[in-house]
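# Per-entry structural report
For reference, the chains in residue letters:
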Number of protein chains: 2
Amino acid sequence: MRGGTPLCRALGDDVSTKKATIKDVAREAKVSIASVSRVLNGLGGVTAETQDAVRKAVARLHYVPDSAARSLITGRTHTIGAVLPDLYGEFFSELIRGIDLAARARGLHLLVSSSHDGVEDAAAAVRTMRGRVDGMIILSQFVDGDFLEQNMPADLPAVLLDSPVDDPRYPSINLDNVAGAQAMVKHLLDIGHASVAFINGPAGNFDAQEREKGYRAAMRQFAPKVPLNIVAGEFTEESGYRAGRELLAQPVRPRAVFAANDMMAVGCLYAFKEAGIRVPEDIALAGFDDILIARYVTPSLSTVSVSIADLGRRALLLLTELMEGKGPIGGPHTRTLPCDVVARESCGAKGTNNVASKHPPALV
Amino acid sequence: MRGGTPLCRALGDDVSTKKATIKDVAREAKVSIASVSRVLNGLGGVTAETQDAVRKAVARLHYVPDSAARSLITGRTHTIGAVLPDLYGEFFSELIRGIDLAARARGLHLLVSSSHDGVEDAAAAVRTMRGRVDGMIILSQFVDGDFLEQNMPADLPAVLLDSPVDDPRYPSINLDNVAGAQAMVKHLLDIGHASVAFINGPAGNFDAQEREKGYRAAMRQFAPKVPLNIVAGEFTEESGYRAGRELLAQPVRPRAVFAANDMMAVGCLYAFKEAGIRVPEDIALAGFDDILIARYVTPSLSTVSVSIADLGRRALLLLTELMEGKGPIGGPHTRTLPCDVVARESCGAKGTNNVASKHPPALV
DNA sequence: ATGAAAGCGCTAACAG
DNA sequence: CTGTTAGCGCTTTCAT
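The shown structure was predicted, so the numbers you read here are calculated from the model rather than taken from an experiment.

A tally of helices and strands in chain A yields twelve helices and twelve strands. Contacts in chain A between residues at least 24 apart in sequence constitute 69% of all its contacts with a sequence separation of at least 6. A total accessible area of about 15,800 Å² is found for chain A, and carbon and sulfur atoms account for 54% of it.

Set out below in structure tokens:
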């Protein structure tokens, strides 16, 4: 269907019925296909005239090289794959944005597979990308040594995000959860809050474990006499609410609370408000992540901020190095992305940084 | 580098040095490559034995067909492209999620190009996808008839999102902005607010225009005596704040305010709070989009909600129909996605739906 | 039911 | 500097 004679070659024909191939260009430019290829790939060894003729023919025919044919022979796809879990809106979009921007700047395309909740899901995603990408960026709690062994096409470069895996073949970039949490706890202590409680994340979660580590380290270092006070949470707003009530029920109420993420901090805030406890006057509160709502709750939430887009950008950079065979040159296989303490109203230190307009307007 | 003899064919060799090809499978199964192809593509015309031999060989060799070679000959990539602007976090992730899930279910991959702010940017994205995708989903304020004419490879199916373009070749799916806005204004009127003002979006914005249309329609129909009251906005929180102050400065303060999006409503809310005006007691307030913060501001914001993931899912469905050559069968080229009025505290009707936990927990 | 062979559009030797 | 030619791995006639 749609057919049309393949012979409509009237000079300067614009309305090419079928996609032009390298042969058409060669004929049009009156040179060999080899020369066309040379010009297109900037290999040199062609006179300016030939070059010109080819370029003109290409333009006249609206020729675009077939990427499949090219891939078939070169073995490269100029595409990188991103395998991501069911990430929270902001993280997801920022991460993709960071990766995509950096990739485009290098002429790479981005193949995305998102929303993987299970190991099998993630494994399938990784496997179906085989042959379609030159490298992968993987963020998944299910990815460990075994997983990689079983699902990764041995020679495919990959960068892991936020992963505990420590394998020279698969370098990873992690948030500096430990330092971030430590800095926040130190900050709370510094501004005079004598005791700091910690609302933990889900038991098996890597970020949660690291943040807890940071809490412990800071307490050990800066308030060694003060007993640790850790309550359980699940990273959800609701679990934060429960943790808040639990904290309030303790014989001695802590002076400050550091939640392992912002959603729990928000839940916790509700619990405090409900109980008539003022924040930060009666109790200080801080979270982690700096999600958008952190600025909009009342009081605005102090938190630890991370540039997710930067994480994506750096992951792509590292991946391209890997793809170029340089290997993860110099330094350890595991790199770390710094976090910043953002002091807003809820911690009782500053009170200004309430509303920022960092985010672009909604478009839909 | 990495080399290794291509002859390590010891029976049952697992550690294939190079990727196995269809020839290897044929040899291993002692059949012709044609038979292997037939089995792999389920074309029938093969005995059970042949089939079995092939399957075993495939498994033994960990054979995976080369997608580039396949594309070269079939002309299909089993990949669809998504071209998106610099969308707000939630919209972006929900949209991708909706598209990706539906695509995966059909064995399609998703090539994403995001963050396009200019026409040239979007054009480049569309052009570089040529040949790499079987169809496209495009959301961009820059896409109009001309754009498509100039950048779309004539035979590539595409569906447009949230676009005013009305071209049978490029069906589109739009949010039902008009009906949504109309329903919200009617709701405000219904619950007793005598006058409703409207904070508009950016002048050239399609959504904004449609929402204004809805406001006008509702006022005309349900409060024909009440004068229209429209103030300018830019979809940003800050412009909402300014609009709020402008509204307060009017000789007669409106009883209710409907902002064309939630971010402006939030800004407006700050203006009201600052002026000591109570919401909803002194003035009712409503937005559009149902972004996450809408639930978390105080009072929680009444708004119009849209299932963005559903938009993505439906876009992919429509696209696959197009790709299968069915064309956008039956119905107009432009379809519409319904919106729901979500009454929370700020409009003064209900006061419960404050905190929902619809969103998954943050993972990073 | 099976195999041999002809390309898909391109790159990369290898000749001239 | 340019052209000829041999495949890349696969699907698909066309014979058998």
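Alright, that's what it looks like, and here's the rest.
Let us look at the protein's contact with DNA strand C. Taken together, 26 residues lie around DNA strand C, and I22, Y63 and R70 of chain A together with R38 and T50 of chain B are the ones closest in. Taking the atoms of DNA strand C that fall within 4 Å of the protein, sugar and phosphate contribute 62% of them. Contact between DNA strand C and S37 of chain A: a phosphate oxygen at 3.0 Å from a side-chain N or O atom of the residue. A distance of 2.7 Å separates a base nitrogen of DNA strand C from a polar side-chain atom of R38 of chain B.

Moving on, we come to the protein's contact with DNA strand D. Surrounding DNA strand D, one finds 26 residues, the nearest of these being R38 and T50 of chain A together with I22, Y63 and R70 of chain B. Among the atoms of DNA strand D close to the protein, meaning within 4 Å, 61% are from sugar or phosphate groups. The separation between a phosphate oxygen of DNA strand D and a polar main-chain atom of T47 of chain A is 2.8 Å. Between a phosphate oxygen of DNA strand D and a side-chain N or O atom of S37 of chain B, the distance comes to 3.0 Å. A per-element tally of the surface near DNA strand D places helix α4 (residues 67-74) of chain B first, with five residues. Classifying every residue of the surface near DNA strand D by side-chain character gives 14 nonpolar, nine polar and three charged.

It is worth spelling out the UniProt feature "domain: HTH lacI-type" (unreviewed entry) in chain A at this point. According to UniProt, the feature "domain: HTH lacI-type" (unreviewed entry) maps to residues 20-74 of chain A in the numbering used here. Its end C-alpha atoms 21 Å apart, residues 20-74 of chain A is made of 69% helix and 0% strand.

Next up on the list: the relation of the copies chain A and chain B. The two copies are related by a screw operation: chain A maps onto chain B through 180° of rotation and 0.1 Å of translation along the axis, at an RMSD of 0.1 Å. Put plainly, the chains are arranged around a two-fold axis. The overlap is high: 100% of the interface residues of chain A also sit at the interface in chain B, so the same surface is used on both sides.

Together, L72 and I73 of chain A together with L72 and I73 of chain B make up an exposed nonpolar region whose accessible area comes to about 440 Å². When residues of the nonpolar patch are traced back to their parent elements, those giving at least two are α4 (67-74) of chain A together with α4 of chain B. Note that L72 of chain A resides in helix α4.

Right, let's get into the domain arrangement of chain A. Residues and elements named next belong to chain A. The assigned domain composition of chain A is domain 1 (77-175 + 309-337) and domain 2 (177-306). A straight line from the C-alpha centre of domain 1 to that of domain 2 covers 31 Å. Counting from both sides, the interface comprises nine residues of domain 1 and, opposite them, eleven residues of domain 2. Interface area, domain 1 with domain 2, both sides summed: about 780 Å², of which 60% is carbon and sulfur. Run the count over domain 1 and domain 2 and you get zero salt bridges. Contributing elements (two or more residues each) for the side of domain 1 that touches domain 2: α5 (89-105) and β5 (172-175). Class assignment for the residues of the side of domain 1 that touches domain 2 results in five nonpolar, two polar and two charged.

What follows covers the pairing of strand β8 (residues 256-259) of chain A. Put simply, side chains in a regular strand alternate between the two faces of the sheet. Residue and element names in this part refer to chain A. In β8, alternate side chains face the same way, and those of A256 and F258 on one face and V257 and A259 on the other are all buried. Pairing geometry for strand β6 (residues 196-199) and β8, over four bridges, is parallel. Residue pairing across strands places A197 opposite V257, the latter belonging to β8. Sheet topology note: the β8/strand β9 (residues 284-286) ladder contains three bridges and is parallel.

Moving on, we come to the confidence of the model for chain A. When pLDDT is averaged along chain A, the result is 89, and 89% of the positions lie at 70 or above. Across residues 351-364 of chain A, where pLDDT falls below 50, the model places 45 contacts with residues more than four positions away in sequence or in other chains.

The rules behind each value
- Residues numbered from 1 in each chain as written.
- Chains lettered and ligands numbered in written order.
- Predicted model: local features only at pLDDT ≥ 70, side-chain atom pairs only at ≥ 80, totals over all residues.
- Heavy atoms only, no water.
- Helix = DSSP H or I, 4+ residues; strand = E, 2+ residues; numbered from the N terminus.
- Contact = heavy atoms within 4.5 Å.
- Areas by Shrake-Rupley, 256 points an atom, 1.4 Å probe, with all protein chains shown as cover.
- Near = heavy atom within 4 Å.
- Polar contact = N/O pair within 3.5 Å; in protein donor to acceptor, adjacent residues only side chain to side chain.
- Nonpolar A, V, L, I, M, F, W, Y, C, P; charged D, E, K, R; others polar.
- UniProt positions renumbered as here; feature names shortened; annotations may be inferred.
- Least-squares fit on C-alpha atoms with pLDDT ≥ 70 in both.
- Patch = residues over 30% accessible without salt bridge, like charges linked within 9 Å, V, L, I, M, F, W, Y side chains within 5 Å.
- Salt bridge = Lys/Arg side-chain N within 4 Å of Asp/Glu carboxyl O.
- Domains from an automatic or database assignment.
- Buried area = accessible area lost by both parts, 1.4 Å probe.
- Buried < 20%, exposed > 50% of the residue type's maximum accessible area, 1.4 Å probe, protein only.
- Pairing = 2+ DSSP bridges.
- pLDDT = per-residue confidence, 0-100.

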